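Listed here are the chains, written in short residue letters.
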Number of protein chains: 4
Amino acid sequence: MVDNAFKQIREEAYAGNMELPKNNLVIVTFGNVSSADHGRGVFAIKPSGVPYEQLSPEKMVIVDFDGNIVEGDLRPSSDTPTHAVLYKHWEDVGGIVHTHSTYGTAWAQAIMDIPIFGTTHADHTTLNIPCAPPMDDEMIKGQYEYETGFQIMNALKDRGITHQDVEMILVGSHAPFTWGKNAAKAVYNSVVLEEIAKMAMFTLQIHPNNPLLKPALIEKHYQRKHGANAYYGQK
Amino acid sequence: MVDNAFKQIREEAYAGNMELPKNNLVIVTFGNVSSADHGRGVFAIKPSGVPYEQLSPEKMVIVDFDGNIVEGDLRPSSDTPTHAVLYKHWEDVGGIVHTHSTYGTAWAQAIMDIPIFGTTHADHTTLNIPCAPPMDDEMIKGQYEYETGFQIMNALKDRGITHQDVEMILVGSHAPFTWGKNAAKAVYNSVVLEEIAKMAMFTLQIHPNNPLLKPALIEKHYQRKHGANAYYGQK
Amino acid sequence: MVDNAFKQIREEAYAGNMELPKNNLVIVTFGNVSSADHGRGVFAIKPSGVPYEQLSPEKMVIVDFDGNIVEGDLRPSSDTPTHAVLYKHWEDVGGIVHTHSTYGTAWAQAIMDIPIFGTTHADHTTLNIPCAPPMDDEMIKGQYEYETGFQIMNALKDRGITHQDVEMILVGSHAPFTWGKNAAKAVYNSVVLEEIAKMAMFTLQIHPNNPLLKPALIEKHYQRKHGANAYYGQK
Amino acid sequence: MVDNAFKQIREEAYAGNMELPKNNLVIVTFGNVSSADHGRGVFAIKPSGVPYEQLSPEKMVIVDFDGNIVEGDLRPSSDTPTHAVLYKHWEDVGGIVHTHSTYGTAWAQAIMDIPIFGTTHADHTTLNIPCAPPMDDEMIKGQYEYETGFQIMNALKDRGITHQDVEMILVGSHAPFTWGKNAAKAVYNSVVLEEIAKMAMFTLQIHPNNPLLKPALIEKHYQRKHGANAYYGQK
């Protein structure tokens, strides 16, 4: 039986997961979306290895922020400990997405930040999209997915930035993670990241050593959407 | 209530906006189309940040050529002042489109004109697709979107060309704008620009330093479609 | 009224034209297919500038091999004289296709033959896909589309090959033409050409200066499909 | 009449073949899937040159492991002897796929292994995807498709690896082959191979001379999915 208390996060996680193939961010089962309820200290996440077309809200697995299964017959995504660590430390984050989207993953495999080249990028963050370094061998051999969460947080810390400054990151040699206030926003960020990754790669093909976007444009575009006087979108 | 006088431009703007995702020119809400009525001195434009699938003719916002809202409950696109400036100065232009289409934006981020390499390009203009330089910091910090309109007009002026010579431009570090006698033609120009941008990038990948198309072919293909003796299309 | 004698070529030309957008070989109106009846000395071809979704067999224009309209209210494709010249000289060709497909056009814009790098290519021809040089200025200023037909035939002649050795060509600075025993085969060749063009470009990106396919493989794959002892496909 | 004993492999081969166009792995008729019944010593395979939309389970051809037709009115795929040789030698393999998928074929045309650059790759094998060298001229002129099977097995042997270590290979100058415990898994491997091929090419475009994935990550990701303690997917 399914606890009604988790109905909303099940539905949000389900809806988010179904957006991944629709937006060409995944092939086969290469991605997962979760939706958190910080009040109850749990999140709903995709079951591991189950094709998207076989998903339903009921099949989402309910897990607490220490990675323990609270409700569900299926195994949760193998990346569940990463989601758990991040929710535990980021109280304002309601949704997390992990994909192996093609262009974002290519940058991750190159272990390079995605440079800020245009206003499409600046509309979403003032920073290069960070690429966390690949983990130390000890961390990899230990609790790998759990450590991945710390690797993400440490990469932000090492650069002196927060998860609010940039809602997306590449894990070096691996692939992108994105987050947001809810699952829908986190999925939106995955869609945007893939487009930014593609545009940046093409920009360098047209113009190697392309300079970064100038500060005035970075500031202007970010503030249009995010500042105190933001005027993009509806009130 | 909706003024019947604006019915046609609402419908044309709506139809134009719906063409953007259909032609893979936008993701999420990255683009807007407007349709002008020069007789009434107004244009209809997409509301800001509203997903395409939620649009309707009634949701288009009616704005005058100074950027004042004439009719509509929603905020117009944040790029509205750019459209307004261009309509005010270009009396024969009935439609304007702004997108962040992938390949066009990559050229804009490289701050480079798209070189004329083939007859596909020459069928639409005899010129390289101009890339306006990024704006001065003062303009960016001022009325940014309003100044973007002037940046476009000045870039054409600096090259000694008019908005009739080339119905498309890249704004450096930003993205493409296109225009035409009506919204449908402006959207057509956005579709063509993206294809030309893609072909030009691939041409350089196959053959770096590819020479420009020779003048006789430029002239011939442009005149086939646009000259006094044009014979492309139906009478 | 429509002459019943032309029913079959109208239908074949219509069906062929509708395959172009379906196979992503064209945007807007950038391509045309014709189907010939050598017994009657005529061919059916797409009307100029008409969007594919508005086509019907009845709208195809019937033209003779000198380019004169035999039946039809619409203007035929502006490329009609090229088709006419080729049908006049190639008695065994029943279908011709012209597109501005993206990758094929990029090679044409680079004015380079598409090198034979693999068996996908050798399954269709033993030769590099030839790129005819751009035409002389005099030919361009004269009967341009008519001369395009001769440019294609001369390019084959200059290389000592025939239109049966390779059923596809690039016209330098312009775009691809393909042909075949009927319109369906000509369209098939356009689909194959675009894929070969794409694979060849990617091969060079992975391995610049990639060597050509070795002769034994060229011969083997071509004979599998085309030789006296061909064993590909059904009898 | 159709022998009921072959019903299952006919259906599996049919379903697998239909997945190829659905996953954009083939154009026209460029690919074939087979499904084997080792108990009966036969496999079902696509008929040669028949478009996917005209296929049905009944049209699959039943062939034994020496390449003799057991049941079916149509000619089997011209690549049938390659499938037969591999089934004869690999008792645990129930499905084989051959495609000319774009990116995989580009690597094959470059005659290069696909380097292991990220965890997407390591999730499926710890090895670079091998590219078998093009065959000797004698083998090409002899029983070409039969020898292709040996070329694949020899390429694995020369590297001291088995068909269980990596379920995919490129045949140099030609295209990919994949296999698996059944046809569905073999098709899955073709989908994955194409994505890995694409990501690796893009990685090199962003970062030429990109280093290989470090051993700890290779081991970790492969064991997550394949080791004795694998924890990816459902039990």
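Residues numbered from 1 in each chain as written. Chains lettered and ligands numbered in written order. Predicted model: local features only at pLDDT ≥ 70, side-chain atom pairs only at ≥ 80, totals over all residues. Heavy atoms only, no water.

It is worth spelling out the interface of chain A and chain D at this point. Listed as interface residues are 34 residues of chain A and, on the opposing side, 33 residues of chain D. With both chains or domains summed, chain A and chain D bury close to 2900 Å², and 59% of this area falls on carbon and sulfur atoms. For the interface between chain A and chain D, the tally reads three salt bridges. Where K214 of chain D meets D137 of chain A, a salt bridge forms, and the shortest distance between an N and an O atom there is 3.0 Å. (Contact = heavy atoms within 4.5 Å. Buried area = accessible area lost by both parts, 1.4 Å probe. Salt bridge = Lys/Arg side-chain N within 4 Å of Asp/Glu carboxyl O.)

Quick look at helix 1 (residues 7-22) of chain A now. Residues and elements named next belong to chain A. The terminal C-alpha atoms of helix 1, which comprises 16 residues, lie 23 Å apart, in line with the 22 Å expected from a rise of 1.5 Å per residue. For helix 1, the complete set of buried residues consists of I9, R10, A13, G16, N17 and L20. Angularly, the buried residues of helix 1 cover 135 degrees about the axis, an arc narrow enough to put them on a single face. Structural note: helix 1 exposes Q8 and K22 on the side pointing more than 90 degrees away from its buried face. One or two residues past the end of helix 1 sits N24, with phi positive at roughly 55 degrees. (Helix = DSSP H or I, 4+ residues; strand = E, 2+ residues; numbered from the N terminus. Expected span 1.5 Å × (residues − 1). Buried < 20%, exposed > 50% of the residue type's maximum accessible area, 1.4 Å probe, protein only. Arc of directions from axis to C-beta.)

With that settled, the discussion passes to the packing of helix 2 (residues 80-89) of chain C against helix 6 (residues 144-158) of chain C. Residue and element names in this part refer to chain C. Following both chains from N to C, one finds helix 2 and helix 6 inclined at 45 degrees, their axes separated by 6 Å at the closest point. Between helix 2 and helix 6, the crossing angle belongs to the class labelled oblique. Helix 2 and helix 6 meet at a crossing whose hand is right-handed. The segment helix 2 lies against helix 6, with P81, T82, V85, L86 and H89 engaging E145, Y146, T148, G149, F150, I152 and M153. (Axes fitted to C-alpha atoms, helices over the stretch in contact; angles between N-to-C directions. Parallel < 35°, antiparallel > 145°, perpendicular 65-115°, else oblique. Left-handed = near helix turned anticlockwise from the far one by under 90°.)

This part takes up the interface of chain B and chain A. With 34 residues of chain B at the interface, the matching set in chain A holds 33 residues. Taken together, the two surfaces of chain B and chain A that pack against each other cover about 2900 Å², and 59% of this comes from carbon and sulfur. For chain B, the biggest contributors to the area lost against chain A are R75, T102 and Q109 of chain B; these three give 23% of the whole. Joining chain B to chain A, the criterion identifies three salt bridges. Notably, a salt bridge pairs E145 of chain B with R224 of chain A, separated by 2.6 Å at the nearest N-O pair. In this structure, the connection of chain B to chain A is made through 17 residue pairs in polar contact (both at pLDDT 80 or more). Mapped onto the side of chain B that touches chain A, the elements with two or more residues apiece are helix 3 (102-109), helix 5 (137-141), helix 6 (144-158) and helix 7 (183-206) of chain B. Counting residues per element, the side of chain B that touches chain A draws most heavily on helix 3 of chain B, at six residues. Among the residues forming the side of chain B that touches chain A, the class breakdown is 16 nonpolar, 13 polar and five charged. (Polar contact = N/O pair within 3.5 Å; in protein donor to acceptor, adjacent residues only side chain to side chain. Nonpolar A, V, L, I, M, F, W, Y, C, P; charged D, E, K, R; others polar.)

Looking at the element boundaries, T120 of chain D is found in helix 4 (residues 119-122). Among all residues touching T120 of chain D, those that are not within four sequence positions of it are F30, H100, T105 and Q109 of chain A together with I196 and M199 of chain D.

It takes a turn of 90 degrees to lay chain A on chain D, together with a shift of 0.0 Å along the axis; the resulting RMSD is 0.0 Å. Such a turn and shift between the copies fits a four-fold axis. For chain A, the smallest separation between a C-alpha atom and the rotation axis is recorded for Q205 of chain A, amounting to 5.6 Å. A different interface surface on each copy is seen, since only 3% of the contact residues of chain A are contact residues in chain D too. (Least-squares fit on C-alpha atoms with pLDDT ≥ 70 in both.)

Turning our attention to the sheet that holds strand 4 (residues 69-71) of chain B. Residue and element names in this part refer to chain B. The strand order across the open sheet formed by eight strands is 4-3-2-1-5-8-7-6, and the pairing between neighbours is mixed. Unpaired on one side and paired on the other, strand 4 and strand 6 (131-132) mark the two borders of the sheet. Note: strand 3 (residues 61-64) against strand 4, two bridges, orientation antiparallel. Along strand 4, the bridge assignment pairs I62 with E71. Contacts from helix 2 (residues 80-89) reach strand 1 (31-37), strand 2 (42-45), strand 3, strand 5 (95-99) and strand 8 (176-180), with the element oriented near 145 degrees to strand 2. Contacts from helix 3 reach strand 6, strand 7 (168-171) and strand 8, with the element oriented near 55 degrees to strand 7. (Pairing = 2+ DSSP bridges.)

So, about helix 6 of chain C. Residue and element names in this part refer to chain C. Here helix 6 contains 15 residues, and its C-alpha end-to-end distance of 20 Å stays within 8% of the 21 Å for a straight helix at 1.5 Å per residue. Of the positions making up helix 6, those classed as buried are Y144, E145, T148, G149, Q151, I152, M153, A155 and L156. Positive backbone phi, approximately 70 degrees, marks G160, located one or two places after helix 6.

Mapping between the two copies of the chain is achieved by a rotation about an axis and a shift along the axis. With an RMSD of 0.0 Å, chain B superimposes on chain A once it is rotated by 90 degrees and translated 0.0 Å along the axis. The overlap is low: 3% of the interface residues of chain B also sit at the interface in chain A, so different surfaces are used on the two sides.

A separate point is the pattern of salt bridges. Evaluated as defined, the whole model comprises 40 salt bridges over all chains. For E19 of chain D, the salt bridge goes to K22 of chain D, with nearest N and O atoms at 3.4 Å. Residue E19 of chain D and its partner K22 of chain D are both found in helix 1 (residues 7-22); the two are separated by three residues, about one turn of the helix. Residue E19 of chain D is classed as partly exposed on the basis of its relative accessible area, which comes to 28%. The class for K22 of chain D is exposed, based on a relative accessible area of 63%. Several salt bridges converge on common partners, so that one network encompasses D79 and E145 of chain A together with R224 of chain D.

What follows concerns the arrangement of the chains. Of all C-alpha pairs spanning chain A and chain C, none lies closer than 11 Å, and the two are not in contact. Over all C-alpha pairs, chain B and chain D never come within contact, reaching a minimum spacing of 11 Å.

Moving on, we get to the nonpolar core. Residues I114 of chain A, I114 of chain B, I114 of chain C together with I114 and W179 of chain D are the most contacted members of the largest nonpolar core, which totals 177 residues. No other element matches the nine residues that helix 7 (residues 183-206) of chain D contributes to this core. Those residues in contact with I114 of chain A, other than ones at most four positions away along the chain, are W107, H121, N128, I129, L170, L193, I196, A197 and A200 of chain A. (Core = buried A, V, L, I, M, F, W, Y, C linked by side-chain atoms within 4.5 Å.)

Let us now look at the UniProt feature "domain: Class II aldolase/adducin N-terminal" (unreviewed entry) in chain A. As annotated in UniProt, the feature "domain: Class II aldolase/adducin N-terminal" (unreviewed entry) corresponds to residues 11-201 of chain A in the numbering used here. End-to-end, the C-alpha atoms of residues 11-201 of chain A are 35 Å apart, and along that stretch the chain is 38% helix and 18% strand. (UniProt positions renumbered as here; feature names shortened; annotations may be inferred.)

With that out of the way, let us pick up the packing of aromatic side chains. Applying the stated criterion to the full structure yields 28 aromatic pairs over all chains. Relative to F202 of chain A, the ring of Y103 of chain A lies with its centre 5.9 Å away and its plane at 85 degrees, an arrangement referred to as edge-to-face. Of this pair, Y103 of chain A sits in helix 3 (residues 102-109) while F202 of chain A sits in helix 7 (residues 183-206), placing them 99 residues apart in sequence. You'll find Y103 of chain A and F202 of chain A in the same group, each marked buried. Centroid distance F65 of chain C to Y87 of chain C: 5.7 Å. Interplanar angle 20 degrees. Geometry classified as stacked. Of this pair, F65 of chain C sits in the loop between strand 3 (61-64) and strand 4 (69-71) while Y87 of chain C sits in helix 2, and the two are 22 residues apart along the sequence. Grouping residues by exposure puts F65 of chain C and Y87 of chain C together as buried. Through pairs of rings, three or more aromatic residues link up here, namely Y103 and F202 of chain A, Y103 and F202 of chain B, Y103 and F202 of chain C together with Y103 and F202 of chain D. Just above the ring of Y232 of chain B sits the side chain of K225 of chain B; from NZ or CZ to the centre is 4.2 Å. (Phe/Tyr/Trp six-rings, centres within 6.5 Å; stacked < 30°, edge-to-face > 60°. Lys NZ or Arg CZ within 6 Å of the ring centre and 35° of its normal.)

This paragraph deals with the sheet that holds strand 8 (residues 176-180) of chain A. Residues and elements named next belong to chain A. Pairing is mixed in the open sheet, where eight strands are placed in the order 4-3-2-1-5-8-7-6. On the outer flanks of this sheet lie strand 4 (69-71) and strand 6 (131-132), each paired with one strand and no other. Sheet topology places strand 7 (residues 168-171) next to strand 8; three bridges connect them, and they run antiparallel. Bridge pairing in strand 8 links L170 to P176. Against the sheet, helix 2 (residues 80-89) engages strand 1 (31-37), strand 2 (42-45), strand 3 (61-64), strand 5 (95-99) and strand 8, with an angle of about 145 degrees to strand 2. Relative to the sheet, helix 3 contacts strand 6, strand 7 and strand 8, its axis offset from that of strand 7 by approximately 55 degrees.

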